[in-house]
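Survey of secondary and tertiary structure
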Amino acid sequence: MPEIAIRDGVCRVAHEGSWLVTGPLGGQQAADGAAIVSVPADWSARDLDRAARARLARAGFDHVPTLFTAVDVATARGARLDGVCVIATAGLTNPAALPLDPSEADDPPGQVDDVGATDEKTPFHPGTVNLVVTTDRALAGGTQATLLATVVEAKTATLHALTGFTGTTSDAVAIGSDRSGPDAAFAGAATPVGDAARACVREAVRAALAAGDRDPPASVATADAGARTDRRAEVFDP
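This is a predicted model, so every value here is computed, not measured.

This part is about the overall build of the chain. Across its full length, the chain carries three helices and 13 strands. Taken along its principal axes, the extent of the C-alpha atoms in the chain is 50 × 45 × 35 Å. Considering only contacts in the chain between residues 6 or more positions apart, those separated by 24 or more positions represent 78%. With the model as given, the accessible surface of the chain reaches about 11,900 Å², and the carbon-plus-sulfur share is 51%. Of the charged side chains in the chain, 20 are positive and 31 negative, and the gap between their average positions amounts to 4 Å.

This is the structure in structure tokens:
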């Protein structure tokens with residue numbers, strides 16, 4: 001199991017191996033861990049790498065792949081099972097919703113949060129559900145990507161059951177595998193590693209939500225920011 005340390009607004013998960021991380025600082029990389037960093041709700045830093053390095057150094061940690069959140073990392077919660085460990089932070093200031101039939105949804109359209117926009121004047125709204133997932137299995141790149149999909153599915157199912165939202169507009173995930181561990185060729189829901197990850201995500205996210213000091217918003221429209229997908233796509237026969 002990884003070593004976990006929290007200080008000065010940083011939650012650092014020590015786990016040497018191969019990492020797959022979402023976001024502009026992510027990708028496939030070798031690292032000895034990952035971190036979640038708390039930032040102010042009105043945070044607007046554009047040089048994310050510089051910001052990450054500064055916060056980690058201030059907390060006395062070496063640089064590792066970093067996720068950001070407006071939630072206090074003191075509310076991070078973890079779950080572990082059969083060689084898998086998940087650390088979760090859960091903030092829903094900028095929830096995302098995907099009504100199956102937008103025309104019948106009770107929730108009026110909410111503010112669209114342009115987290116992914118390239119316009120530098122666009123504010124960054126870090127509510128965020130972050131997951132740092134480690135496994136003692138050795139996963140090839142494609143298998144690691146499968147585990148990422150498995151983990152995101154579990155996060156979405158858990159959040160939707162508890163809050164009605166599918167996530168936030170800035171969710172992020174870091175997946176770390178142990179290159180010296182036993183090989184796992186698959187990581188879907190029916191595999192040992194996938195099944196353990198799903199259970200860990202469910203428990204960690206539920207605990208992190210309960211640990212927060214703010215109730216989830218009633219809807220996207222009443223949230224500080226967020227997005228609801230109301231557009232319809234064209235369906236066609238390929």
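The full count for this structure, using the stated rule, is zero disulfides. With no disulfide of its own, C85 lies closest to C200 among cysteine sulfurs, the gap being 7.0 Å. Judged by its relative accessible area of 6%, C85 falls in the buried class. What makes C200 buried here is its relative accessible area of 1%.

Let us now look at helix α1 (residues 48-58). All of the buried residues along α1 are L48, A51, A52, R55 and L56. The buried residues of α1 occupy one face: seen down the axis, they fall within an arc of 125 degrees. Summarising the geometry of α1, the exposed residues directed more than 90 degrees from the buried face are R50, A57 and R58. Taken together, the buried residues of α1 touch β2 (10-21), β3 (27-38) and β4 (66-69).

With six of six residues buried, strand β11 (residues 172-177) is to be regarded as a mostly interior element. In this structure, β2 lies alongside β11, joined through four bridges in antiparallel fashion. Considered in β11, the bridge of V21 is made with A174. Of the strand pairs in this sheet, strand β8 (residues 129-135) and β11 are connected by six bridges, and their pairing is parallel. Looking at β11, one finds that V133 is bridged to I175.

Scanning the entire structure with this criterion turns up 10 salt bridges. The salt bridge partner of R53 is D49, with a shortest N-O separation of 3.0 Å. Taken as a pair, R53 and D49 lie in helix α1 at a separation of four residues, close to a single helical turn. Of the residues examined, D49 reaches a relative accessible area of 28% and is grouped as partly exposed. With its nearest N and O atoms 2.6 Å apart, the salt bridge here joins D101 to R232. With D101 in the loop between β7 (95-97) and β8 and R232 in the segment after β13 (227-228), this pair connects stretches of sequence that are 131 residues apart. Because the salt bridges share partners, they merge into one network encompassing R202, E203 and R206.

Reading guide: rules and limits
- Along each chain, the written sequence defines residue order, and numbers are assigned to residues from 1.
- In keeping with the model being predicted, local features are shown solely for residues with a pLDDT of at least 70 and side-chain atom pairs are shown and tallied solely at 80 or more, while totals for entire chains, interfaces and linings include all residues.
- Each side-chain value is derived from all of the structure's non-hydrogen atoms; neither hydrogens nor water enter the calculation.
- Counting from the N terminus, the helices are DSSP H or I runs at least four residues long and the strands are E runs at least two residues long.
- Two residues qualify as a contact provided that any one of their heavy atoms is within 4.5 Å of a heavy atom in the partner residue.
- Only the protein chains shown count as cover for residues, and all accessible areas are computed by the Shrake-Rupley method using a 1.4 Å probe.
- Only four residue types enter the tally: Lys and Arg on the positive side, Asp and Glu on the negative side; His and the chain ends are excluded.
- The atoms used to mark charge sites are NZ of Lys, CZ of Arg, CG of Asp and CD of Glu.
- Here, the term disulfide refers to a pair of cysteine sulfur atoms separated by no more than 2.5 Å.
- Throughout this description, buried means an accessible area under 20% of the type-specific maximum (1.4 Å probe, protein chains only), exposed means over 50%, and partly exposed covers the range between.
- Arc definition: it is the arc formed by the directions from the helix axis to the C-beta atoms.
- Pairing between strands is defined by DSSP: at least two bridges between the two strands are required.
- Put simply, a salt bridge is a Lys or Arg side-chain nitrogen that is within 4 Å of an Asp or Glu carboxyl oxygen.

This is a description of form; function is not addressed.
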